[in-house]
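Listed below are the residues making up each chain.
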Amino acid sequence: MTHQDINKRFTEIVSDYLQRGYCFNTSTMAGSQGELASVDLMDGKEIIRVLSKDFHEQSDNRYYLDGIRILIGRAPGCITPNSSRGGVIWNNDPEIIWEEKFYRISQGNGAFYGTMEKAVAAYDLHFTRCCQKHVDEKILLPDAARPIALRWVRKQPMLKSARLCDISEVCILHRAGMKEYWVFVKDRCLCIHRCAQNKKGD
């Protein structure tokens, strides 16, 4: 499944409500709260928000997964349909009545999405390949490098609460003319920095 397929799914959901007699409640659709897309629909009695946004989650205390979720939520009763004054519907406020998650399986502009099971399988494959990839030289850095790496790790998705004890090693890998700084944390291998080696192989 691609991002185009997710767009089609979002469109299908909105179209279904329109066919059931709902129309757009434009007065509550201004602004953005960091979501990918949101549409407010109403039938004169209630307002329904169809929302698409990124998500990050941890599974089995090992897998750090992300993707796109589409959810349908019922707006709080204090927001009146068809009101010219509108109002703000905060994305955390609607009562969720349905949601669907699309887990990211591959990265980049041409990312693919699928089920949690497929995302976990892709995660395991990536980790295995990362550990088995040919390395010309591996240099383990001293324990003093871990607090430095930890500051970078905590800026990554789902790792803000990482602790020093979660880091198993920090190292430098030399391969294919490149010098790479890696940190192994909570069963994840993350590349901190990558640069070309100089002529002396430093």
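These lines cover the structure that appears in this document, whether it is placed above or below. (Residues numbered from 1 in each chain as written. Predicted model: local features only at pLDDT ≥ 70, side-chain atom pairs only at ≥ 80, totals over all residues. Heavy atoms only, no water.)

**So, the overall build of the protein**
- Secondary structure assignment for the protein yields three helices and ten strands.
- Of the regular secondary structure in the protein, the N- to C-terminal order runs α-β-β-β-β-β-β-α-β-α-β-β-β.
- Whereas a compact globule of 202 residues would reach a radius of gyration of roughly 17 Å, the protein reaches 23 Å, over 25% beyond that.
- Every one of the 202 residues in the protein was classed for burial, and the buried ones make up 38%.
- Long-range pairs, those at least 24 residues apart, make up 52% of the contacts in the protein between residues at least 6 apart in sequence.
- For the protein, the computed accessible surface area is about 12200 Å², with 51% contributed by carbon and sulfur atoms.
- Taking the average place of the 29 positive charges on the side chains of the protein and the average place of its 25 negative ones, the gap between the two points comes to 6 Å. (Helix = DSSP H or I, 4+ residues; strand = E, 2+ residues; numbered from the N terminus. Rg over C-alpha atoms; globule rule 2.2 N^0.38 Å. Buried < 20%, exposed > 50% of the residue type's maximum accessible area, 1.4 Å probe, protein only. Contact = heavy atoms within 4.5 Å. Areas by Shrake-Rupley, 256 points an atom, 1.4 Å probe, with all protein chains shown as cover. Lys, Arg positive; Asp, Glu negative; His and termini not counted. Charge placed at Lys NZ, Arg CZ, Asp CG, Glu CD.)

**Looking at helix α1 (residues 3-19)**
- Here α1 is 17 residues long and its end C-alpha atoms lie 24 Å apart, about the 24 Å a rise of 1.5 Å per residue gives.
- Buried residues of α1: I6, F10, I13, V14 and Y17, and no others. An end-on view of α1 places all buried positions within 90° of arc, on one side of the element. Exposed residues on α1 whose side chains face more than 90 degrees from its buried face are Q4 and Q19. (Expected span 1.5 Å × (residues − 1). Arc of directions from axis to C-beta.)

**As for helix α3 (residues 145-153)**
- For α3, every residue scored as buried is listed here: A145, A149, L150 and V153. One side of α3 holds all its buried residues, which, seen down the axis, span an arc of 135°. Away from its buried face, by an angle of more than 90 degrees, α3 presents the exposed residues I148 and R151.
- Those residues of α3 that are buried are in contact with β8 (167-175), β9 (178-185) and β10 (188-196).

**Side note on unusual backbone geometry**
- The residue N82 is not glycine, and still its phi comes out positive at about 65°.
- Topologically, N82 is positioned in the loop between β4 (63-74) and β5 (95-104).
- Classification of N82 as exposed rests on a relative accessible area of 58%.

**What about the nonpolar core?**
- The biggest cluster of nonpolar side chains holds 19 residues, and the ones touching the most others in it are L65, V153, L159, I167, V170, V183 and V185.
- Those elements that provide at least two residues to this core are β4, α2 (116-132), α3, β8 and β9.
- V170 has contacts with I139, L140, L141, A145, R146, A149, W182 and V183, leaving out every residue within four places of it along the chain.
- F10, Y17, V50 and Y113 belong to the second largest nonpolar core, which has 16 residues in total. (Core = buried A, V, L, I, M, F, W, Y, C linked by side-chain atoms within 4.5 Å.)

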